[in-house]
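So the chains spell out like this:
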Amino acid sequence: MLVKTHGCALHGVDAIGITVEVHIDSGFKFYLVGLPDNAVKESQRRIESALKSIGLKMPGKRITVNLAPADIRKEGSAYDLGIALGILAASGQVKYNQFGQYIIMGELSLDGSLHPLKGSLSMALLALNKGYRGIVLPEASAREASVLTELEVFGAKNLSQVLRHFNGEEKMTPIKPEYNTIHQHLNNTDEVDFSDVVGQEGVKRAMEIAAAGGHNILMIGPPGAGKTMLAKRLPGILPKLELDESIETTKIHSVAGLVNQNMSTLVQRPFRHPHHTVSDVALVGGGGNPQPGEISLAHNGVLFLDELPEFKRSALEVLRQPMEDRKITISRAKFAVDFPANFMLVASMNPCPCGFFNHPDKKCICPDRSIQRYLSRVSGPLLDRIDLHIEVSPVPIREFGKGRKNDSSIEIRARVIAARQRQRYRLRKSNIKTNVEMSRGLINVHCELDLSASNLLHQAVDRLGLSARAYDKILKVSRTIADLAASESIQCEHIAEAVQYRSLDRSIWFSS
């Protein structure tokens, strides 16, 4: 008898449909074909033990299991449940009536319980897009898939529960989504707040502009000036994830095995903070079976690189392509995988090895050549792709304890959201959401300048020797500053402020 069940394989952050075909005939042999890896091949032993533990048995016949299509390599142990159900149905031990309406995935323990798996949201999206009625997953992995309300998502504890469900003895209840409930409590979570920051008004203004337009930002200043403290507060002024963004972000984290089993989807924007010793693969993604790296894990959120010059040059240079294309491509001999990478880069660095070059009080002890060598670790093309360069000076001790009222993260976030709403309305026909994503053609349409503003910008470009890319960056930042000011047009003061945020283009950092 031939029985078919349905599963899927992960390809990047997406899933591909896999059909599990089980045929039982006379003889005594177990064949598993369809390009399985060793973890899939070992499923026979896990299934035999699981069946025995619940009072069933593996048929003493020739069993052929084919995982189709055969030209896609099957990896991992998540096919156990589908194969086991196929064997039981083909041997008449379970009713074969509804299997074709569901995607069935799960790794079996030797006692028949089900282990959690990666990528369950991607699998559920495949089931929804292919018209399946529902999906059966291990209970620990089903909650994140429940956000797809159009799909029946069943979470099973063990093989016995799945068998009773398909035999009609004890139906499982579909898991209800919890996305809205979690979002209601988002603002009640404890988080660091901009109201705690003393001074640094100029840096906080730059942070607000970066958050409003999705711009990349680099902070340069001495140790202890507050660069890391400010960076950690940036997610608190970003708009909360929308449903489509939440699903995109959860897919990536699910494939990487980083989703909390108690939550259906991610609701906080990611804040990734890799150490400067991170490898190229860990930052970009890759491996034999490509996995997302820190760049993709920061999708729809923030990638914070502290002590930027301390990162390997090769690791920094791979940032250039995803910063422009908003995705990263991992290529292998037989296939290529695209990972989303729409992130805000927030970086910080010292101005020299000792950290005190251009300090108002402390003297730098670094030789001129050492300063040049240190700054040159960050290449010009990478700096060119960072929209805002901001100098962070230490706050005098006398400023502490004065009790000045500072804007809270909630107040700043309200201004950021208002600016983003203006951008979304203006860019509604372009399928983008923020100013930083504008192409050259859209810049020409939405960043038109009057004569005085145009002359000011051209003077700044000539004096600073800026590139064409930096010219576009200034226009985008100016457009965001105008949005924060609720201005329909870009004025001279908006251009002037945007030019201030190109401090690393000035000769002061390279004239010593």
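The numbering scheme is per chain: residues are counted from 1 as the chain's sequence reads. Reporting of local features is limited, given that this is a predicted model, to residues whose pLDDT is at least 70; pairs of side-chain atoms are given and counted only at 80 or more, and all residues count toward the totals for whole chains, interfaces and linings. Computation of side-chain values covers all heavy atoms of the structure but excludes hydrogens and water.

### Examining the overall build of the protein
Helix and strand assignments come from DSSP, with helices taken as H or I runs of at least 4 residues and strands as E runs of at least 2, each series counted from the N terminus. When its secondary structure is counted, the protein shows 21 helices and 18 strands. Along the first, second and third principal axes, the C-alpha set of the protein runs to 85 × 50 × 45 Å. Relative accessibility under 20% of the residue-type maximum defines a buried residue, over 50% an exposed one, and the middle range a partly exposed one, all with a 1.4 Å probe and only protein chains included. Every one of the 512 residues in the protein was classed for burial, and the buried ones make up 53%. The contact definition used throughout considers only heavy atoms, calling two residues in contact when any of these lie within 4.5 Å. Within the protein, counting contacts between residues at least 6 apart in sequence, those at least 24 apart form 73% of the total. Accessible surface area values rest on a Shrake-Rupley calculation with a 1.4 Å probe, where residue burial reflects the displayed protein chains alone. In the structure as shown, the protein presents an accessible area of about 22700 Å², 49% of it carried by carbon and sulfur atoms. Between the averaged position of the 63 positive side-chain charges in the protein and that of its 55 negative side-chain charges there is a distance of 3 Å. His is not counted, nor are the chain ends; Lys and Arg add positive charge and Asp and Glu add negative charge. All charge positions are set by atom: Lys at NZ, Arg at CZ, Asp at CG, Glu at CD.

### Section: the packing of aromatic side chains
Note on ring pairs: Phe, Tyr and Trp rings are taken, using the six-membered ring of Trp, and paired if centres are within 6.5 Å. Classes follow the plane angle, with under 30 degrees stacked, over 60 edge-to-face and the rest tilted. The tally for this structure, following the rule as stated, stands at 4 aromatic pairs. An aromatic cluster of three or more residues is present, and its members are Phe-99, Tyr-102, Phe-154 and Phe-166. Here, over-ring charges are defined by two tests on the NZ atom of lysine or the CZ atom of arginine: distance to the ring centre within 6 Å, and angle to the ring normal within 35 degrees. One residue, Arg-428, lies across the ring of Tyr-425, its end atom 4.0 Å from the ring centre.

### Some words on the confidence of the model for the protein
Think of pLDDT as the predictor's per-residue confidence, scored from 0 to 100. In this model, the protein carries an average pLDDT of 89, and 95% of its residues clear a pLDDT of 70 or more. Contacts from residues 179–190, a stretch scored under 50 in pLDDT, to residues over four places away or in other chains number 19 contacts.

### Considerations on helix 21 (residues 492–500)
All of the buried residues along helix 21 are His-494, Ile-495, Glu-497, Ala-498 and Val-499. The inward-facing, buried residues of helix 21 contact helix 8 (201–213), helix 19 (451–464) and helix 20 (468–484).

### Quick look at the state of the cysteines
Two cysteine sulfur atoms form a disulfide, by the criterion used here, when they sit within 2.5 Å. Applying the stated criterion to the full structure yields 0 disulfides. Here Cys-354 stays unpaired: no disulfide links it, and the sulfur of Cys-352, its closest cysteine neighbor, is 3.5 Å away. Of the cysteine sulfurs around Cys-492, a residue in no disulfide, the closest is that of Cys-447, at 15 Å.

### Things to note about the pairing of strand 16 (residues 336–340)
Residue alternation in strand 16 divides its side chains into a buried set, Val-337 and Phe-339, and an unburied set, Ala-336, Asp-338 and Pro-340. Whether two strands pair comes down to DSSP finding at least two bridges between them. Bridging between strand 15 (residues 327–331) and strand 16 involves 5 bridges; their strand directions are antiparallel. Residue pairing for strand 16: Ile-330 is matched across the bridge by Val-337. Here strand 15 folds back onto strand 16, and the loop between the two strands holds 4 residues.

### Quick look at the pairing of strand 1 (residues 2–11)
Alignment of strand 1 against strand 2 (residues 14–25), held across 10 bridges, turns out to be antiparallel. The residue of strand 2 that forms the bridge with Ala-9 is Ile-16. Connecting the antiparallel pair strand 1 and strand 2 is a turn made up of 2 residues, with Gly-12 showing a positive phi of about 70°.

### Topic: the environment of Pro-367
Positionally, Pro-367 belongs in the loop between strand 17 (344–349) and helix 15 (368–375). By relative accessible area, which is 52% here, Pro-367 ends up exposed. Here the alpha-carbon distance between Pro-367 and Pro-353, two residues 14 residues apart in the chain, equals 9.7 Å.

### Considering unusual backbone geometry
Omega for the bond connecting Ala-68 with Pro-69 falls within 30 degrees of zero, at 0°, which places this linkage in the cis form. Structurally, Pro-69 can be placed in the loop between strand 4 (62–68) and helix 3 (80–90). Notably, Arg-326 is not glycine yet its phi reads approximately 65°, a positive angle. Within the secondary structure layout, Arg-326 lies in the loop between helix 14 (320–325) and strand 15. The phi angle at Ala-486 is positive, at roughly 60°, despite the residue not being glycine. As for its position among the elements, Ala-486 is in the loop between helix 20 and helix 21.

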